[in-house]
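Working through the structure, step by step
The residues making up each chain are set out below.
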Amino acid sequence: MKIAILPGDGIGPEIISVALDVTKVICEKFGHDLQYEYGICGASAIDKVGNPYPDATHELCMRSDAVLFGAIGDPRFDNNPSAKVRPEQGLLAMRKRLGLYANIRPVTTFESLIHKSPLRAELVKGADFMCIRELTGGLYFGRPQGRSEDGNTAYDTCVYTREEVVRIITLAYEYAMKRRRKLTVVDKANVLATSRLWREVAKEIAPQYPEVETEYMFVDNAAMRIIQWPTAFDVMVTENMFGDILTDEGSVITGSMGLLPSASIGMHTSVFEPIHGSWPQAAGKNIANPLATVLSAAMMFDYAFGLKAEAELIRKAVNASIDANVRTQDIQVEGEEAYGTAEVGAWIVRYIRDAEYNTNLSNF
Ligand code: IPM
Ligand code: MG
């Protein structure tokens, strides 16, 4: 098991360190041989070598079996629109060069955290859906992109080829088959040509999956339905930027953005990362919630290595830490003292080390 570790910026190094400790203890427990190597990316890589996704990092990812990624982003760049190189370009370059065309973001709620949701408990209870976001096309990558010579006009382009849409819609149907067999295709087909292509392709593919109920929904309506009736979704598939927006929305209804993991899969090595950003204000303070990254490591065992029992034990440990009120400040109960990032990590590692299990039955 060769894993590339890319901590990135802000809170990235702290949360990755927890996820790596959890990965190590799981490998110890189950007898897997783990090798890992660190790579640089984001603002910290710009500072070191002037490139947010250096070739050396790309080569490391290519020769690894999985990538565990923290976060990137730095206010020095956010507040400087004329910066020539930006940390986010590193993330986009990584997605493009690794061919990570699908970003899988499961939105699930934790029973004991429902009170943290901005939605009423009865609305959000039991919400469990998966957003499949197209990740290497659409508005983020379409060209031309830029400014007119006089600087007074700016443009981005949304482009999709049939092949790109077929590949992501097919993947979404496969996930729907493994879940509750409902697929919501989210688009803006009443306005956008690319969305009409998406809908056309989905209608062509749908008959191959007669067991799946397909639903078509405009993105503005979907944004509304996620807060109005989140339990009605199972698998949702959508364009790159729509997916970016809808998954932030999805994450907060669960109670904290610090809880949601993701997997980006495609042509080469898969990348596992929390959906939240680098929270630079919290960097080095030992206050960030490491659970989204730990749960991303669980997705790594599951998706990259097909090791379900390992993934299950990580999820069980995370749930146990929440139930034991071993929580960072963002999800701590009022009146209870918050734990630090590293302390939550140490608790989870200890839980895994002590867990009784039977590998043959993979039942904990
Ligand atoms: C995400 C992030 C990125 C995106 C940024 C950091 C470029 O918001 O992974 O959702 O927009 O894709
Ligand atoms: Mg985002």
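Since this is a predicted model, take the numbers as computed values, not measurements.

Among the secondary structure elements, Thr23 is positioned in helix H1 (residues 12-30). Overall, Thr23 belongs to the buried group, its relative accessible area being 1%. Those residues in contact with Thr23 that sit more than four places away from it in its chain are Ile3, Leu34, Leu68, Ala297, Met300 and Phe301.

Our focus in this paragraph is the pairing of strand E5 (residues 128-134). Among the seven residues of E5, six are classified as buried, and the element is accordingly described as predominantly covered. Bridge count for strand E4 (residues 102-108) against E5 is seven bridges, and the pairing is antiparallel. Residue pairing for E5: Pro106 is matched across the bridge by Met130. Pairing of E5 with strand E10 (residues 235-238) involves four bridges; the strand directions are parallel. Bridge pairing in E10 places Arg133 opposite Thr238.

Further remarks concern the packing of aromatic side chains. On inspection of all chains with the given rule, the structure shows seven aromatic pairs. Ring geometry for Tyr173 versus Tyr209: centroids 4.8 Å apart, planes at 5°, classification stacked. Within this pair, whereas Tyr173 is found in helix H7 (residues 162-178), its partner Tyr209 is found in the loop between helix H8 (193-205) and strand E9 (213-218), the two being separated by 36 residues in sequence. Across the pair, Tyr209 and Tyr173 agree in class, each one buried. An angle of 20° between the planes, with centres 6.3 Å apart, marks the rings of Tyr175 and Tyr303 as stacked.

Quick look at the site of ligand 1 now. Ligand 1 sits among Glu88, Leu91, Arg95, Arg105, Arg133, Tyr140 and Asp244. Contact between ligand 1 and Arg105: an oxygen atom at 3.0 Å from a side-chain N or O atom of the residue. Here Arg133 contributes a side-chain N or O atom positioned 2.8 Å from an oxygen atom of ligand 1. Isolated, ligand 1 exposes 320 Å² of accessible area, and the fraction of that covered by the protein chains is 77%. At three residues, the largest contribution of residues to the shell around ligand 1 is made by helix H5 (residues 87-97). Among the residues making up the shell around ligand 1, the classes are represented as two nonpolar, no polar and five charged.

Another aspect to go through is the nonpolar core. Core analysis: the biggest nonpolar cluster contains 69 residues, and Val22, Leu68, Ile132, Ile169, Leu183, Val237 and Ile352 have the highest contact counts within it. With residues up to four places along the chain from it excluded, the contact list for Val22 reads Val294, Ile314, Ile348, Val349 and Ile352.

With that settled, consider empty space enclosed by the protein. Scanning the model with the defined rule gives one cavity of 30 Å³ or more in all. Quantified by volume, the largest cavity comes out at close to 30 Å³. Every residue along the wall of the largest cavity is listed here: Val186, Asp187, Leu192, Thr194, Ser195, Trp198, Glu239 and Phe242. At the level of elements, strand E8 (182-187) and H8 are the ones that each hand at least two residues to the lining of the largest cavity. Ranked by the residues each element gives to the lining of the largest cavity, the list is headed by H8, at three residues.

Criteria and cut-off values
- Residues numbered from 1 in each chain as written.
- Chains lettered and ligands numbered in written order.
- Predicted model: local features only at pLDDT ≥ 70, side-chain atom pairs only at ≥ 80, totals over all residues.
- Heavy atoms only, no water.
- Helix = DSSP H or I, 4+ residues; strand = E, 2+ residues; numbered from the N terminus.
- Buried < 20%, exposed > 50% of the residue type's maximum accessible area, 1.4 Å probe, protein only.
- Contact = heavy atoms within 4.5 Å.
- Pairing = 2+ DSSP bridges.
- Phe/Tyr/Trp six-rings, centres within 6.5 Å; stacked < 30°, edge-to-face > 60°.
- Near = heavy atom within 4 Å.
- Polar contact = N/O pair within 3.5 Å; in protein donor to acceptor, adjacent residues only side chain to side chain.
- Areas by Shrake-Rupley, 256 points an atom, 1.4 Å probe, with all protein chains shown as cover.
- Nonpolar A, V, L, I, M, F, W, Y, C, P; charged D, E, K, R; others polar.
- Core = buried A, V, L, I, M, F, W, Y, C linked by side-chain atoms within 4.5 Å.
- 1 Å grid on protein atoms, 1.4 Å probe; cavity = no way out; pocket = protein on both sides within 12 Å on 5 of 7 lines; lining within 4 Å.
- Points joined across faces, edges and corners; volume = space filled by probe spheres on them.

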